[in-house]
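Residue strings, one per chain:
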Amino acid sequence: MQKRIVLVPGDGIGPEIVGSAVRVLEKIAEKFHHEFLFETVLAGGCAIDATGEPLPKETVDACLASDSVLLGAVGGPKWDTLPGAVRPEKALLGLRSALGLYTNLRPAKLYPALKDACPLRQDLISGGFDLMMVRELTGGIYFGERGRREGKYGPEAYDTESYSVMEVERIARAAFDAARKRRHRVTSIDKANVLETSRLWRETVHRVAAEYPDVEVEDMLVDNAAMQLVRNPGRFDVVVTSNMFGDILSDEASQITGSIGMLASASLGATTRGMYEPIHGSAPDIAGKNIANPIATILSAAMMLRYAFDMTAEADDIERAVDAALSDGLRTADIAAKGENTLTCTEMTDAILERL
Ligand code: IPM
Ligand code: MN
């Protein structure tokens, strides 16, 4: 198959880790006789420096014309003092919105080889864990009306959250569909004891659940969910939640896998195109040092093959190679135990390539 992939390396470690994923994709193309055509575009801080705006129109157009998008990370201290509308993060939110990517899949599982990197007590993870966070990605408080105004106590700021029935229905369906390919269990996370959006969320999830009698559904309040994730992560299969709760809980889930450098994500909409990115950020402190962990981005590329191109064997191959490298004891700095030998980003990529 021939596929056009747009690369959005972004800032910080973005170019290093996207470079690693491209090497893996090229090897897969060769091995399975595909042709991947890559085009690299600007977004985030590098786009601000080059064009004055975080998300140039050419970038959006290129992504819309592609078969899929692979993104590194955006942002960094250099652009931290810019006003909200021209911050690098705007590029990410803008791309998700322009591409209609309302479903964010963030799998978090414990690799047996990495169980010592998990900060939880071993008896809490003896059964392992393998969960899929389904985060709503184009609605809620990250996209609501916001501003500054004069309030009762002087100057104040506000952000607003709203969710329509349609938005909750479609993310709920995404979660139930995902559960059907897994262990048939959905935990819907909200704050229905306080928020009206959560009450609508809960009602709607249950209405959709009726269409999936083979999937078990439960509700959980977000504060409790934050606790259960570190007490008994093995109890979760698919977790579905709003944009902000999903943002926070997915970082928590990443930590218990051992490192945020391991977690991939897929952002999907109504088409197969999608955008694939590691859930970690641009890590400006280690940028340019060739020590970043490329695995999250490599696994994101595997998700792209699986979801956007329906290339199951190819995706499995990448996941198996990553597993093999970890089982062989290979570690980048973020997942190494004290005193353990560490590989650079390039060396870890080489090791995965050798195992493909
Ligand atoms: C993420 C990031 C983004 C988000 C930021 C950079 C806008 O934290 O992908 O989780 O909040 O969605
Ligand atoms: Mn986040």
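Let me begin by describing the structure that accompanies this report. Note that the coordinates shown come from a computational prediction; the quantities given were computed from them, not determined experimentally.

### Digging into the layout of surface pockets
- By volume, the largest pocket is sized at about 840 Å³.
- Around the largest pocket, the lining comprises 29 residues; the ones closest to its centre are Leu105, Met132, Met303, Arg306 and Tyr307.
- Taken together, the elements giving at least two residues each to the lining of the largest pocket come down to β4 (103-109), β5 (130-136), α5 (165-180), β11 (264-268), α9 (295-307) and α10 (312-327).
- Among the elements that make up the lining of the largest pocket, the one with the highest residue count is β4 (five residues).
- For the lining of the largest pocket, the class distribution of residues is 16 nonpolar, four polar and nine charged.
- Residue contributions to the lining of the largest pocket reach at least three from each of two domains, namely domain 1 (1-107 + 259-356) and domain 2 (119-256).
- For the second largest pocket, the calculated volume is near 420 Å³.

### Points about α5
- With 16 residues, α5 should reach 22 Å at 1.5 Å per residue; the first-to-last C-alpha distance of 22 Å fits that figure.
- Three or more residues of α5 are buried, namely Glu167, Val168, Ile171, Ala172, Ala174, Ala175, Phe176, Ala178 and Ala179.
- At its buried positions, α5 is contacted by β4, β5, β8 (185-190), α6 (196-209), β9 (216-221) and β10 (238-241).

### Observations concerning empty space enclosed by the protein
- Enumeration according to the criterion identifies one cavity of 30 Å³ or more in this entry.
- Around the largest cavity, the lining residues are Glu161, Tyr163, Ile189, Asp190, Thr197, Ser198, Trp201, Ser242 and Phe245.
- Elements supplying a minimum of two residues to the lining of the largest cavity: β8 and α6.
- Take the lining of the largest cavity: its biggest share by element is three residues, from α6.
- Looking at side-chain class alone, the lining of the largest cavity contains four nonpolar, three polar and two charged residues.

### Looking at the packing of aromatic side chains
- Across all of its chains, the model carries three aromatic pairs by this definition.
- With a centroid separation of 5.4 Å and an interplanar angle of 70°, the aromatic rings of Tyr163 and Trp201 are classed as edge-to-face. Separated by 38 residues along the polypeptide, Tyr163 in the loop between β7 (154-159) and α5 and Trp201 in helix α6 bring together distant segments of the chain. Taken individually, Tyr163 and Trp201 each receive the classification buried, so the pair is uniform in this respect.
- Between Lys109 and the ring centre of Tyr111, over which it is positioned, the NZ or CZ distance is 4.8 Å.

### Section: the site of ligand 1
- With respect to spatial proximity, the complete set of residues near ligand 1 consists of Glu89, Leu92, Arg96, Arg106, Arg135, Tyr142 and Asp247.
- In this structure, Arg96 approaches ligand 1 through a side-chain N or O atom, which is 2.6 Å from an oxygen atom.
- Look at ligand 1: alone it shows 320 Å² of surface, and the protein chains cover 78% of it.
- In terms of residue count, the dominant contributor to the shell around ligand 1 is helix α4 (residues 89-98) (three residues).
- Along the lines of polarity and charge, the residues of the shell around ligand 1 split into two nonpolar, no polar and five charged.
- Counting only domains with at least three residues in the shell around ligand 1, you end up with domain 1 (1-107 + 259-356) and domain 2 (119-256).

About the cut-offs
- Residues numbered from 1 in each chain as written.
- Chains lettered and ligands numbered in written order.
- Predicted model: local features only at pLDDT ≥ 70, side-chain atom pairs only at ≥ 80, totals over all residues.
- Heavy atoms only, no water.
- 1 Å grid on protein atoms, 1.4 Å probe; cavity = no way out; pocket = protein on both sides within 12 Å on 5 of 7 lines; lining within 4 Å.
- Points joined across faces, edges and corners; volume = space filled by probe spheres on them.
- Helix = DSSP H or I, 4+ residues; strand = E, 2+ residues; numbered from the N terminus.
- Nonpolar A, V, L, I, M, F, W, Y, C, P; charged D, E, K, R; others polar.
- Domains from an automatic or database assignment.
- Expected span 1.5 Å × (residues − 1).
- Buried < 20%, exposed > 50% of the residue type's maximum accessible area, 1.4 Å probe, protein only.
- Contact = heavy atoms within 4.5 Å.
- Phe/Tyr/Trp six-rings, centres within 6.5 Å; stacked < 30°, edge-to-face > 60°.
- Lys NZ or Arg CZ within 6 Å of the ring centre and 35° of its normal.
- Near = heavy atom within 4 Å.
- Polar contact = N/O pair within 3.5 Å; in protein donor to acceptor, adjacent residues only side chain to side chain.
- Areas by Shrake-Rupley, 256 points an atom, 1.4 Å probe, with all protein chains shown as cover.

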